[in-house]
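Residue-level listing of the chains:
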Amino acid sequence: MEAHSSEIQLTLEALAIMTAIPVVIFALWADYFGRYLENLVDQKEEIERAAKIGQIRMAGFLVAIFQIGLFLGSSEVRRNHPVFANLIFISAILTQGWIQARLERKIDPIPTGERGPQLKSALRGLGWIALGALFYAGVFVFSIKCFTWFAGWIQADKTVSAALVVVGAIVGIIGGLALNFALGPIHLKMALPVLPLPEEFVQRFREAFARAGLRQPSLWLIESGRVATGTAFIAGTKWGSGPLRPALFISRNALETLTPGELDAVVLHEASHLCMNHLVKRLLLSIALITGTMFLGIFVLLLAPLFLPSGLGFQSLLGPFVAVMAFVSAFRVLAVQSREHEVAADLYAVEGLGASYEDLSNALRKLDRLNGFAPDRNGVTHPATETRLALLKAALLIRSDEFRQKLSAEQADPDKTDKAA
Ligand SMILES: [Zn+2]
């Protein structure tokens, strides 16, 4: 009995150490990064604020993914010690959040008077995101429970039961993902600080969607926070209607900075994503990746006893490790797809929907400036603007006689080009 309880204590301690490792690494990195930022401020160098905040959030996100992998891989400890094990995770996440908030404040100090409303809006967003995650987890658990119940009902043997649980997990992940995609327009409306698009822009945006032959999405303005962000994006699918109809979001900064022609180009780019079913393709690729990595992961875990020494704890670490690796590689593949979609949507907007190449180029460059991105900076989901534009120009030169003629006319009369730009 005594041996048993000390064994459980050991695993709890191991869990505490494991959850602490990424937090400590994050804290060390935050310290280093914070000093680097202070240095930039001291030398009066311009900080790409949005980009730096993006970097901090990406680092925080990776640490959180590691914790989620650990959380999923530690079900046994959590079952034996639900209170302590869950407390360990909650404190790890809270500590990480506190470190992250402190670091972000170095880039973007909040004036004291604004802290209240700022915090309220951040908490509201966080609440809706957490609710989405909870909903997702609920679908996942429900699916596994259904399949486990089914295995019991048909009195399946151990192997068949295990296989059914795996199928249940896959169905749960896919079901949750599909629901998340379908509910995306509603969820984003709740999670973001949005207002209906001002009336004077509605007609213009509607015309762009009509030109693309699409039904009208709901149109929303994102109130810009302290960090100026130039962004526009669309959620939903072209088949969605009623509460599930697609929703277009645009930040106030973007709306106020872009000219009418540039706004048209941006909206036509977003409409192109709908026309080309990009969100559906992303969902399908996600499903394929989840199913694929899950089977690969199970295969590795089944083979593990053959090549890993037992007794050193390697095998128990393998589960979380495989989960994190599967997630990171799936994320990378999805990022490549997303960058391809951006280029494809640019081309479709200009070639298929008649957006102006100049307006689109100007708009993308202006949005980069608003976001504090260098034009040659490669994003995770978006290629660098200059790369994107070079690809677009090359494709148009090959495919469009009109574009070639226009370009050669401009080159013959450089004076005119300057005025046009
Ligand atoms: Zn896009």
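Scroll up to find the structure this text is about.
Residues numbered from 1 in each chain as written. Predicted model: local features only at pLDDT ≥ 70, side-chain atom pairs only at ≥ 80, totals over all residues.

Draft legend 1. Main features of the overall build of the protein chain. On a plain count of helices and strands, the protein chain comes out with 15 helices and 4 strands. Across the 421 residues of the protein chain, 25% fall into the buried class. Counted over contacts in the protein chain with a minimum sequence separation of 6, partners at least 24 positions apart contribute 77%. (Helix = DSSP H or I, 4+ residues; strand = E, 2+ residues; numbered from the N terminus. Buried ≥ 20, exposed ≤ 12 C-beta atoms within 10 Å, placed from the backbone. Contact = placed C-beta atoms within 7 Å.)

Draft legend 2. The environment of Gln216, seen in detail. Along the polypeptide, Gln216 turns up in the loop between α7 (199–211) and β2 (218–222). For the pair formed by Gln216 and Arg206, sequence separation is 10 residues and the distance between their alpha carbons is 6.4 Å. Ignoring anything within four residues of it in the chain, the contact list for Gln216 reads Arg206 and Phe209.

Draft legend 3. Broad picture of the sheet that holds strand β3 (residues 232–235). Taken in spatial order, the 4 strands make up an open sheet running β1-β2-β4-β3, and their pairing is mixed. Of all the strands in the sheet, the pair left with one neighbour each is β1 (194–196) and β3. Averaged over all pairs of adjacent strands, the angle between their axes in this sheet comes to 30°, without regard to strand direction. (Pairing = 2+ DSSP bridges. Axes fitted to C-alpha atoms, helices over the stretch in contact; angles between N-to-C directions.)

Draft legend 4. Fine view of the pairing of β2. As paired elements, β1 and β2 share 3 bridges and run antiparallel to each other. Following the sheet pairing, Val194 is matched in β2 by Ile222. As judged from the 5 bridges shared by β2 and strand β4 (residues 247–251), these two strands associate in the parallel manner. Opposite Trp220, over in β4, you have Phe249 as the bridge partner.

Draft legend 5. Just the packing of α7 against helix α9 (residues 260–275), in detail. One can describe the packing of α7 onto α9 by two numbers: an axis separation of 9 Å at closest approach and a directional angle of 45°. Here α7 is positioned oblique relative to α9, judged by the angle of their axes. Along this stretch, α7 crosses α9, giving a crossing that reads as right-handed. Contacts between α7 and α9 involve Arg204, Phe205, Ala208 and Phe209 from the former and Pro260, Leu263, Asp264, Val267, Leu268 and Ala271 from the latter. Each residue belonging to the contact of α7 with α9 can be placed in one class, and the counts come to 8 nonpolar, no polar and 2 charged. (Parallel < 35°, antiparallel > 145°, perpendicular 65-115°, else oblique. Left-handed = near helix turned anticlockwise from the far one by under 90°. Nonpolar A, V, L, I, M, F, W, Y, C, P; charged D, E, K, R; others polar.)

It is worth stressing that arrangement in space is one thing and function is another; only the former is reported here.
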